[in-house]
Each structure stands twice: as C-alpha cells, then as structure tokens.
Amino acid sequence: MSIKLKVIKQVSLCLILQASLLISQKSTAQTVQSKGLKDYYENYFPIGVAVSPQSLKNPQEASLILSQFNSLTPENAMKMGPIHPEESRYNWKDADDIVAFAQAHGLRVRGHNLCWHEQTPSWLFKDANGNQVTKEVLLKRLKDHITAVVTRYKGKIYAWDVVNEAIDDDSSKFLRNSLWYQICGEDFIVKAFEYAHEADPNAVLFYNDYNTERPEKRERVYRLLKKLVDAGVPINGVGLQAHWSIYEPDQKDLIETIKKFSSLGLKVQITELDISIYPWEKNKRSLRPGESDAYTPDLEKKQADKYAEVFKVFRDYKDVITGVTFWNISDKYTWLDEYPVAGRKNYPLLFDQNFQPKKAYWSVVNF
C-alpha cells in the first residue's frame, strides 16, 4: 500500500471515529433532554410549576412544562380578585384554560387559593351603601365563593390552598389583622376549610404560608395548625411557600419545620419554591443607585448549592412531603423581577432566560 493511500485511510478512519463520537454525544444529550424533573423524582413526589394561561400558549414554555413537570398551579387565575371580581360575576376563562391544558396532558392541578387577605375584591367586605358587612354576610359570601369555585373543578383539582397567610408578620401577634379577622375573628379560617370540604370531600386541603422555617413564625403557624387539628377541622396539609434565598433557610430549621408540622399528622408540600440571589425583604422599594442585579458565577454556585441542600432534605422526608411546586417556569419571567424591588432582575429558578437548565438544575437532579 502506498504512503498516500495509508494517509487517506488514516484520515478516513479519524473522520469515522469523530462522526461516531458526535453521534454518541448527540444521543446522550437527547437522553438527558428527554428526562425531566418529574422523571428524576418519579419515586419521590410530583414536581409542579405555577403558570399563567399565556405561558401555556407559548410553544417554548408549554414544551418545557410538559417535559419537566407533572403538576400545575394557577399563579393568579384562581385567586378571589381575578376569578370573582363582582358578587354576581365570575371570570372562569383563565382558570378553565389551565385546567383544560392539565387534563389534556395528564397533569395534576393544585388550586390556589380560596381565602387570602390580598387580591380580594373590594365588594366582598361592603354592603350596597359602602358600609362594612356583618360577620354573617361575609361568611355567607365566603361560602358562596368557595362552593362555586371548588364545585366547578371537583374531580379535576386534587388539592387546594384553602387559607393563605393568616399568621401576622409581627412576631408579637398571632393572626394577621386582616378584614377577614376584623369581621369574623378566627372563625373565617375554620369555616373556609369546612366549606371547601363540603364542596369536594376528596380534595386535599392545605393551609399555606411563608417564612414558616423561621423559628418564631414556625411556632405561631404550628399553634394555628394544632388548634385546627384538635378541633377536627378538615385540614389535610400545610404548604411551605418556600420563597427562599441563597442565605436561608438553613438545613436545621427546614428539617425542624417539616418534622414539627408533620407530627400533627399533616402532609407537607413545598408550594411556591424559588431561591432568590438576594437577601429576603418584605417591603416594596425602589432600586438603589449602583445596586447590582448581575448574576455572577459566585451567586450561581451559591444558588446551586442551596438547591442541592433543600432537595436533599425533601428526598429524606419523602414520606411526608407530597409535592414540590416551583413558582414560575424560568428566569425569563419571575414575580421577583418586580417584588420587592421593581426593575431588579432576579434569577431564582432552575431554567435560564433561554429556557436552558442552569447549574442549579443539575444540582437538583444529580443525586
């Protein structure tokens, strides 16, 4: 064989090997992409995401949802204000669209939420003359609302956040001094669960709140939950909203929270998970001069580490944790872009602005 033919043969062999390697790499990449969060956690708990009707109409977002998640939560469409803006009028379309999408694709739905102090329509607390209604009137309106909404989706929504954020932010107080509380006292909480259970006896009913891992608030949430359980109120679980950051909660506090709440016989769900790259703040404010919103490699690593840490805890307590839901789909849009600091970009989720998995994603699925 001539030297020229040998060279040609060697080059051809190299090209064949390179082509084989590329095909192998492509096959591996396709295998990775074909497996989503829901598949990695198939033996643990459902993995959900909060959505808007618009996100379901976006082909990229809809595709990502279907590849990664097996549970949906309407981000705003079922809150009292959007769905029931006037006493005699309901806006069903957005909620219907989300439920229809879920049913068409075999996804579970968590209802969110039935009673909250925010996003409530002003008519709810006033009579025809603009005066504050009585306890009897308000409870009747609450019952009518819960009955209408829960009955409409009976058999299609498996769980509801019934009462949302009833504990006060002030550690020296117990229940939030909302109009619900001012008019009805604690009874609005009990009645909300009773009305929801009556409308759908098979639905799993949750109390939902934030900062539940902070010891002082954890104790007050536990106090409320124990009162409800001891009174025989039809409550089945507690939702930890999990609007966390790279700085909190620490593993010890998270574990203590899960153990304490589940000791009451309640299931635990992570209902609104995102991990901010900024320290937690409650009050809205403007962007400060020179305040950076850069997603640096250091912040990226800290976020991946925090996600790995909390999901390790979730897996360890899979016997009581019955669902984990992310609050929004990707960093392209997150409610934290406008809250608490308007115009400050946040990067709290597992997928970047181009819907690609981040380091945090791989820290969650590589276990």
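Here, the structure is the one placed above.
(A) Geometry of the nonpolar core. One finds Trp-160, Tyr-207, Leu-273, Phe-311 and Phe-314 to be the most contacted residues of the largest nonpolar core, which totals 103 residues. Setting aside residues up to four positions removed in sequence, Phe-314 forms contacts with Phe-45, Trp-244, Leu-254, Ile-270, Leu-273, Ile-321 and Val-324.

(B) Seen up close, helix α6 (residues 93-105). For α6, which comprises 13 residues, the first-to-last C-alpha distance of 18 Å matches the rise-based estimate of 18 Å (1.5 Å per residue) to within 8%. Of the positions making up α6, those classed as buried are Ala-95, Ile-98, Val-99, Phe-101 and Ala-102. Projected onto a plane normal to the axis of α6, the buried residues spread over an arc of 155° and lie on a single side. Within α6, the exposed residues directed more than 90 degrees away from the buried face are Lys-93 and Ala-104. Buried positions along α6 lie against β1 (47-51), α3 (53-57), α4 (59-68), β2 (71-74), α5 (80-83) and β3 (108-115).

(C) The packing of aromatic side chains, seen in detail. Considering all chains together, one arrives at 20 aromatic pairs under this definition. Note on Tyr-41 and Phe-367: the rings are 5.0 Å apart at their centroids and 40° apart in plane angle, and the pair reads as tilted. Residue Tyr-41 is found in the loop between α2 (37-40) and β1, and its partner Phe-367 is found in the segment after α13 (359-365); the two are separated by 326 residues along the sequence. The interplanar angle of 5° and the centroid separation of 4.7 Å between the aromatic rings of Tyr-90 and Trp-92 together place this pair among those described as stacked. Here the aromatic cluster, defined as three or more aromatic residues joined through ring pairs, consists of Tyr-41, Tyr-44, Phe-45, Phe-69, Trp-244, Tyr-307, Phe-311, Phe-314, Phe-326 and Phe-367.

(D) Geometry of the pattern of salt bridges. Within the structure shown, the criterion is met by 28 salt bridges. Its salt-bridge partner being Glu-248, residue Arg-214 comes within 2.7 Å of it at the nearest N-O pair. Of this pair, Arg-214 sits in the loop between β5 (204-209) and α10 (215-230) while Glu-248 sits in the loop between β7 (243-245) and α11 (251-262), and the two are 34 residues apart along the sequence. Residue Arg-214 is classed as partly exposed on the basis of its relative accessible area of 26%. A salt bridge links Asp-316 to Lys-312; its shortest N-O distance comes to 2.8 Å. Here the residue Asp-316 and the residue Lys-312 both occupy positions in helix α12 (residues 297-316), the gap between them amounting to 4 residues, near one helical turn. Connected through shared salt-bridge partners, Asp-169, Arg-176, Asp-209 and Lys-217 make up one network.

Basis of the calculations
- Residues numbered from 1 in each chain as written.
- Predicted model: local features only at pLDDT ≥ 70, side-chain atom pairs only at ≥ 80, totals over all residues.
- Heavy atoms only, no water.
- Core = buried A, V, L, I, M, F, W, Y, C linked by side-chain atoms within 4.5 Å.
- Buried < 20%, exposed > 50% of the residue type's maximum accessible area, 1.4 Å probe, protein only.
- Contact = heavy atoms within 4.5 Å.
- Helix = DSSP H or I, 4+ residues; strand = E, 2+ residues; numbered from the N terminus.
- Expected span 1.5 Å × (residues − 1).
- Arc of directions from axis to C-beta.
- Phe/Tyr/Trp six-rings, centres within 6.5 Å; stacked < 30°, edge-to-face > 60°.
- Salt bridge = Lys/Arg side-chain N within 4 Å of Asp/Glu carboxyl O.

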